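Structure assessment
So the chains spell out like this:
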Amino acid sequence: MKLPVATEWALHCATSLAQLEPGTTASAADLAEYFDLPAAYLAKQLQALTRAGLLAATTGPRGGFRLGGAPADITLLQIVEAVDGAAAPYECREIRQQGRGALPASWCRHECILAVKMADAHQAWRTSLGAVTLADILADLPEGAPTRTRSLLVRRGS
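Just so it is clear, the structure is predicted and the values come from calculations on it, not from any experiment. (Residues numbered from 1 in each chain as written. Predicted model: local features only at pLDDT ≥ 70, side-chain atom pairs only at ≥ 80, totals over all residues. Heavy atoms only, no water.)

This next bit is on the pattern of salt bridges. Overall, the coordinates contain four salt bridges when judged by the stated rule. Ionic pairing is found between E91 and R93, a salt bridge with its closest N-O pair at 3.8 Å. Taking relative accessible area as the criterion, E91 reaches 53% and is therefore assigned exposed. On the basis of relative accessible area, R93 is assigned to the exposed category, the value being 59%. Across the pair E94 and R96 runs a salt bridge, and its minimum N-O distance is 2.5 Å. Residue E94 is classed as partly exposed on the basis of its relative accessible area, which comes to 23%. Residue classification places R96 among the buried residues on the basis of a relative accessible area of 19%. (Salt bridge = Lys/Arg side-chain N within 4 Å of Asp/Glu carboxyl O. Buried < 20%, exposed > 50% of the residue type's maximum accessible area, 1.4 Å probe, protein only.)

Right under this line is the structure:
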């Protein structure tokens, strides 16, 4: 499975926002500059996270984005699904019943075993991501990372 680049952006931005002091915001432009990303496209991903309630947005000169909840309450799965949706990446089209190699209908009474195994793998992936919170990620960062992030990301005058 290959996820869009926007997924990486959303995960890193959420992790960076989780490192800020409570109530502190960073603008889309600040985050885009911090990661050298296109601001307009990044803003769309941040809005998707905001619509999902994972980020909160404020307007005005001191406005920007902050986490919409505690890091312990936001999972990687929630972030991924806010940007990419929850649809399974594999869809069996039952080609086993088509063409010269079409199987007899009596052999296809049960769901395709490949579809079953792919669904199992997708569920395991979802379970794994759903078990990891931003707090877990923060706990695994190098000791000085949050201080560095705050010093480079927080807007002057915030």
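What follows continues from the structure just given.
With that out of the way, let us pick up helix 3 (residues 39–51). The terminal C-alpha atoms of helix 3, which comprises 13 residues, lie 18 Å apart, in line with the 18 Å expected from a rise of 1.5 Å per residue. Those residues of helix 3 not exposed but buried are L42, Q45, L46, A48, L49 and T50. Among the structural elements, helix 1 (5–18), helix 2 (28–35), strand 1 (55–58), strand 2 (64–67) and helix 4 (76–84) are those in contact with the buried residues of helix 3. Once helix 3 finishes, G53 follows within two positions and takes phi at roughly 80 degrees, a positive value. (Helix = DSSP H or I, 4+ residues; strand = E, 2+ residues; numbered from the N terminus. Expected span 1.5 Å × (residues − 1). Contact = heavy atoms within 4.5 Å.)

With respect to the helices and strands, C108 occurs in the loop between helix 4 and helix 5 (113–130). A relative accessible area of 12% places C108 in the buried class. Spatially, the C-alpha atom of C108 lies 42 Å from that of Q45, the residues being 63 residues apart in sequence. Setting aside residues up to four positions removed in sequence, C108 forms contacts with R96, Q97 and L103.

So, on to the packing of aromatic side chains. All chains considered together, the criterion is met by two aromatic pairs. Ring plane angle 85 degrees and centroid distance 4.8 Å describe the contact between Y34 and F35, whose orientation is recorded as edge-to-face. Judged by its relative accessible area of 23%, Y34 falls in the partly exposed class. (Phe/Tyr/Trp six-rings, centres within 6.5 Å; stacked < 30°, edge-to-face > 60°.)

What follows deals with the nonpolar core. Membership of the largest hydrophobic core comes to 29 residues, with the highest contact counts inside it found for L17, L31, L42, L46, L49, I79 and L134. Where this core is concerned, the elements lending two or more residues are helix 1, helix 2, helix 3, strand 2 and helix 4. The biggest single contributor to this core is helix 1, with seven residues. I79 has contacts with A10, L11, A14, L49, L54, I74 and L134, leaving out every residue within four places of it along the chain. (Core = buried A, V, L, I, M, F, W, Y, C linked by side-chain atoms within 4.5 Å.)

What follows covers helix 2. Within the span of helix 2, buried status applies to A28, D30, L31 and A32. Check the buried side of helix 2 and you find it contacts helix 1, helix 3, strand 2 and helix 7 (145–153). Just downstream of helix 2, D36 is the residue with a positive phi angle, here 55 degrees.

These figures come from the coordinates and say nothing about function on their own.
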